Amino acid sequence: MSEEISLYGGPSHRRVRARDLVAAKERGERWAMLTSYDQYTAALFDRAGIPVLLVGDSASNNVFGHETSLPVTVDELIPLVRAVSGAASRAMVVADFPFGSFESGPAQALATGVRFLKEGRAHAVKLEGGARVAPQVDALTGAGIPVFAHVGFTPQHENLLSGYRVQGRGGDADRIVDDAVALAEAGAIAVVLEMVTSDVAKRITHAVPVPTIGIGAGPHTDAQVLVWQDMAGLRTGKLPRFVKQYADLDAILDDAARRFAEDVRAGSFPAEEHTFH
């Protein structure tokens, strides 16, 4: 019997690879991707059967406390990638190229990709942009570095795009489809579609032979990705429309911290069972 029964049910000793993602698309099997930035969430999500973990440039917001993804650097992301790849035994770990690490051309992109694989132990990389970054994708894949492309709304270009806006409406639809096709032809093993209309996402999913991964792209993609702090309710306040929260970690941790503080104030922690003699 083949090992490739399911992205969720394969042997724990074998790493998920690009061919497994393509085989899942051919079977019509949908799968989930989550961000991860540390060893504990990486091990937990890996154990839960999440087949792909993204060490996103969203660490800029969710780890380092910046307002946007723009300030984070390769040097800051590499230790996070290394922690995730070291803790996940089966999931494919994808390192996200931050702003300023690939835009100048294929040589810069290749240098960044080599660092993520050698120093971060990543299994693949992700970069934002349409057909204009096809030469970077070609250079990376030519060097043996698997690439996830990212089209539609690209957060690194939010200033050019005038903020968070849905992409693919009106005459923009054909351009986004063409971008995705060009990146797949350049060798990308998957295409992330962010904040594009459902119709455009469906067109792209049928137009490319590699998996599409939606985030705010409707139900017709091959996979879905969310930032884990959004998914698990650690982030509070106004959330994007496409986020569904599956837990309320903010409330759970708030309660735990308050009970710990109260035990310390009351003198009930540490108790005898927590004390050495």
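Residues numbered from 1 in each chain as written. Predicted model: local features only at pLDDT ≥ 70, side-chain atom pairs only at ≥ 80, totals over all residues. Heavy atoms only, no water.

The name an unreviewed UniProt entry gives the protein chain is 3-methyl-2-oxobutanoate hydroxymethyltransferase, with Cryptosporangium phraense as the organism.

## Overview of unusual backbone geometry
Residue Phe-269 is joined to Pro-270 through a cis peptide bond whose omega torsion reads 0°. Here Pro-270 is to be found in the segment after helix 10 (249-266). Its identity as a non-glycine residue notwithstanding, Arg-121 has a phi of 60°, on the positive side. Among the structural elements, Arg-121 can be located in the loop between helix 5 (106-118) and strand 4 (124-128). You will see that Met-195, though not glycine, has its phi angle at about 50°, which is positive. Note that Met-195 resides in the loop between strand 6 (190-194) and helix 8 (198-207). (Helix = DSSP H or I, 4+ residues; strand = E, 2+ residues; numbered from the N terminus.)

## As for the UniProt feature "active site" (unreviewed entry) in the protein chain
Mapped onto this numbering, the UniProt entry gives "active site" (unreviewed entry) at Glu-194. Following the sequence through the fold, Glu-194 ends up in strand 6. A residue is classified by how much of its surface remains accessible, and Glu-194, at 8% relative accessible area, is buried. Apart from the residues within four sequence positions on either side, Glu-194 is in contact with His-150, Val-151, Gly-152, Phe-153, Pro-155 and Ile-215. (UniProt positions renumbered as here; feature names shortened; annotations may be inferred. Buried < 20%, exposed > 50% of the residue type's maximum accessible area, 1.4 Å probe, protein only. Contact = heavy atoms within 4.5 Å.)

## Overview of the UniProt feature "binding site: 3-methyl-2-oxobutanoate" (unreviewed entry) in the protein chain
Sequence positions flagged by UniProt for "binding site: 3-methyl-2-oxobutanoate" (unreviewed entry) are, in local numbering, Asp-57, Ser-58, Asp-96 and Lys-126. The largest pairwise C-alpha distance within this set of annotated residues, which runs over 70 residues, is 12.3 Å, so the set is compact in three dimensions. Within the element layout of this structure, Ser-58 appears in the loop between strand 2 (52-55) and helix 3 (59-62). Those residues in contact with Ser-58, other than ones at most four positions away along the chain, are Thr-35, Tyr-37 and Val-227. Its location among the elements puts Lys-126 in strand 4. With residues near it in sequence (within four places) discarded, Lys-126 still touches Leu-54, Val-94, Ala-95, Asp-96, Phe-97, Phe-148, Ala-149, His-150 and Val-192. A distance of 3.1 Å separates a polar atom in the side chain of Lys-126 from a polar atom in the side chain of Asp-96. (Polar contact = N/O pair within 3.5 Å; in protein donor to acceptor, adjacent residues only side chain to side chain.)

## With respect to the domain arrangement of the protein chain
For the protein chain, the domain assignment lists domain 1 (2-246) and domain 2 (248-277). One C-alpha centre belongs to domain 1, the other to domain 2; they are set 38 Å apart. Listed by partner, the interface residues are 5 residues for domain 1 and 4 residues for domain 2. When the area that domain 1 buries against domain 2 is broken down by residue, the three leading residues are Ala-232, Gly-233 and Leu-234, summing to 71%. Summed over the shared surface of domain 1 and domain 2, the number is 0 salt bridges. At the boundary of domain 1 and domain 2, one finds 2 residue pairs in polar contact (both at pLDDT 80 or more). Considered class by class, the residues forming the side of domain 1 that touches domain 2 number 3 nonpolar, 2 polar and no charged. (Domains from an automatic or database assignment. Buried area = accessible area lost by both parts, 1.4 Å probe. Salt bridge = Lys/Arg side-chain N within 4 Å of Asp/Glu carboxyl O. Nonpolar A, V, L, I, M, F, W, Y, C, P; charged D, E, K, R; others polar.)

## Quick look at the pairing of strand 1 (residues 31-35)
Across the 5 residues of strand 1, 4 count as buried, placing the element largely inside the fold. The pairing of strand 1 with strand 8 (residues 223-226) spans 4 bridges and is classified as parallel. The residue bridging Leu-34 from the neighbouring strand is Leu-226, located in strand 8. Pairing of strand 1 with strand 2, which is carried by 3 bridges, proceeds in the parallel orientation. Bridge pairing in strand 2 links Thr-35 to Leu-54. Viewed along the sheet, the connection from strand 1 through helix 2 (residues 39-47) into strand 2 turns out right-handed. (Pairing = 2+ DSSP bridges. Right-handed = clockwise from strand over helix to strand, strands pointing away.)

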